[in-house]
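# Examination of the molecular architecture
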Amino acid sequence: MIGTQLLWIAMPFIDNVMVGTLGAQSLAGLAIAATLFFFVMIVMMGILNSINPIISHLNGAGETGKFGAILQHGFFVGIVLAVVLFGVMCFGAEILLLL
């Protein structure tokens, strides 16, 4: 788990080292893409991580029969958000360039 976190932290640095040799315009493009990527990632993680406390609350209340419904709703929300945010990732550059 520590290694995973270190790799997540190292990823922008490695990206900058790899793209830095291409010039300032490439670094600016990388900054926009990285910002968009991390926005999408944080939104997905935040929404999907909300399932854990809901399951814990139900477990504490002894309502284990509702786990399946909560997990199904979580998967559904995750799939819908993945499709929507995939569109943001694919067409986000064009939208940002129009601004």
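Being a predicted model, the structure only gives us computed values, none of them experimental.

Our focus in this paragraph is the overall build of the chain. Each helix and strand counted, the chain has four helices and zero strands in total. For the chain, the succession of helices and strands along the chain, N to C, is α-α-α-α. With the C-alpha coordinates of the chain rotated into their principal frame, the extents come out at 60 × 35 × 15 Å. Burial statistics for the chain: of 99 residues in total, 14% are counted as buried. Within the chain, residue pairs in contact and separated by at least 24 positions form 55% of the contacts whose partners lie at least 6 positions apart. Split by element, the accessible area of the chain, about 7,500 Å² in all, is 77% carbon and sulfur.

On the surface, a cluster of nonpolar side chains totalling about 480 Å² of accessible area is made up of I47, L48, F76, V77, V80 and V84. Every element with two or more residues in the nonpolar patch is listed here: α2 (24–48) and α4 (67–98). Among the secondary structure elements, V84 is positioned in helix α4. A relative accessible area of 47% means that V84 is categorised as partly exposed.

Within the span of helix α3 (residues 51–60), buried status applies to I51, I55 and L58. Considered in projection along α3, the buried side chains sweep an arc of 60° and stay on one side of the axis. For α3, the exposed residues set more than 90 degrees away from the buried face come down to H57 and G60. Downstream of α3 by a residue or two, G62 has a phi angle that is positive, lying close to 80°.

Rules used throughout
- Residues numbered from 1 in each chain as written.
- Predicted model: local features only at pLDDT ≥ 70, side-chain atom pairs only at ≥ 80, totals over all residues.
- Heavy atoms only, no water.
- Helix = DSSP H or I, 4+ residues; strand = E, 2+ residues; numbered from the N terminus.
- Buried < 20%, exposed > 50% of the residue type's maximum accessible area, 1.4 Å probe, protein only.
- Contact = heavy atoms within 4.5 Å.
- Areas by Shrake-Rupley, 256 points an atom, 1.4 Å probe, with all protein chains shown as cover.
- Patch = residues over 30% accessible without salt bridge, like charges linked within 9 Å, V, L, I, M, F, W, Y side chains within 5 Å.
- Salt bridge = Lys/Arg side-chain N within 4 Å of Asp/Glu carboxyl O.
- Arc of directions from axis to C-beta.

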